[in-house]
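Observations on the three-dimensional arrangement
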Amino acid sequence: MERTKILVTGGAGYIGSHAVVELYNAGFLPVIVDNFSNSREQVLDGLEHILGVRVPVHNVDCNDEEALRAVFAEEGNLRGVIHFAAYKAVGESVAKPLEYYRNNVGSLLALLSVMREFGVNALVFSSSCTVYGIPDQLPVTEQTPTKKANSPYGATKQMCEDILRDIAAVPEQPLRTILLRYFNPIGAHPSAEIGELPLGVPQNLVPFVTQTAAGIREQLTIYGDTYDTPDGTNIRDYVHVVDLAKAHIVAVQRLLNGQGETVETFNVGTGNGNSVLEVVQAFERATGQKLNYKIGAPRPGDVPAIYADVTKATAELGFTTTSTLEEALASAWHWQQALDQKK
Ligand code: UD1
């Protein structure tokens, strides 16, 4: 039987590559579009090792509407799209707002135009818990009001959500879309063939932790321990990337089956909040590695605490997480070790 083709923009990226695996395992044919601006071609080898086949790949920038059009024409029968491709570094977005607005908003607009032209009407969009800003209440539900974004990166996610809601509000338009608000994805595929591949010094916590344990970085700095949280460090909801990837498959199936509203929003996290210190301790327990760390100054723009209420995703998508924090951290460490061996 012919596999249903799903376009995966940013399919060579961290979350995208894990979604490609789950899509293929669920019987779909993922078609990758990626411009490799924040990913490496070696991801494609990792995917091939896991899947036993090379999935189609187009080296295309999603802002290039002409090139996207050519992909849709060449592939012929795309049924849906998962749009991962975007810039994602909070700090960098403050320094380069124009690049962030142009890339993140521009690529969505180009993609939507081409989707409409080709009658492709199912879209899963990568949103983020960053849309909640600093929430008044925890955990956050999808009804929690969004606040002014803390960064241009966050603003691009809010704008993209607004664009999709405006389009979905037009009664005669055929687009159906699911906005997945990711909390903090961590960990790697159990095969250690794919994982997070930060270019340069990692900005995110877990790759910095694994690189410190591996001796690539000397010391982790915990950004502040005087927040209004039990141990004073920031609280986040760390979700295993494979669990997160699986949410996309359910979302795609829901769109293709015509279930749900024309636009729907779901939190994707574990429902648990963990502090930075708890992550460090869990990493040490899970791997037996002692981590060299110090407490430093707070990082500008950090939200003191946020974690998800996942009742809606559980009830309507049947989404559940299967990995503990320790398991996710162990998989990240396994991936770091595999990377070091490949060097
Ligand atoms: C943020 C965004 C998230 C976005 C992600 C992309 C929020 C609430 N979240 O995640 O939507 O997708 O960036 O990169 O805005 N930390 C340290 N030392 C380090 C690195 C991080 O202590 O060297 C701490 C941070 O202060 C934070 C936690 O670890 O409390 C997680 O940080 P990080 O992995 O960068 O993710 P977020 O900033 O939560």
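Residues numbered from 1 in each chain as written. Predicted model: local features only at pLDDT ≥ 70, side-chain atom pairs only at ≥ 80, totals over all residues. Heavy atoms only, no water.

Of all residues adjacent to the ligand, which total 19 residues, the nearest are S128, T221, N234, R236 and D302. The side chain of T130 places a nitrogen or oxygen atom 3.4 Å from an oxygen atom of the ligand. Q203 places a main-chain nitrogen or oxygen 3.4 Å from an oxygen atom of the ligand. Starting from 750 Å² of accessible surface for the ligand in isolation, the protein chains cover 92%. Of all the elements, strand 8 (residues 220–223) adds the most residues to the shell around the ligand, at 4 residues. Residues that form the shell around the ligand fall into these classes: 8 nonpolar, 7 polar and 4 charged. (Near = heavy atom within 4 Å. Polar contact = N/O pair within 3.5 Å; in protein donor to acceptor, adjacent residues only side chain to side chain. Areas by Shrake-Rupley, 256 points an atom, 1.4 Å probe, with all protein chains shown as cover. Helix = DSSP H or I, 4+ residues; strand = E, 2+ residues; numbered from the N terminus. Nonpolar A, V, L, I, M, F, W, Y, C, P; charged D, E, K, R; others polar.)

When the UniProt feature table is mapped to this numbering, "domain: NAD(P)-binding" (unreviewed entry) covers residues 7–329. Strand forms 18% of residues 7–329 and helix 39%; the C-alpha atoms that close the span are 30 Å apart. (UniProt positions renumbered as here; feature names shortened; annotations may be inferred.)

As a volume, the second largest pocket reaches approximately 300 Å³. Along its surface, the second largest pocket is lined by 20 residues, and L197, P198, Q211, Q336 and L339 are the ones closest to its centre. The set of elements that each furnish at least two residues to the lining of the second largest pocket consists of helix 7 (205–213) and helix 11 (325–342). Per-element accounting of the lining of the second largest pocket gives the leading share, 5 residues, to helix 11. (1 Å grid on protein atoms, 1.4 Å probe; cavity = no way out; pocket = protein on both sides within 12 Å on 5 of 7 lines; lining within 4 Å. Points joined across faces, edges and corners; volume = space filled by probe spheres on them.)

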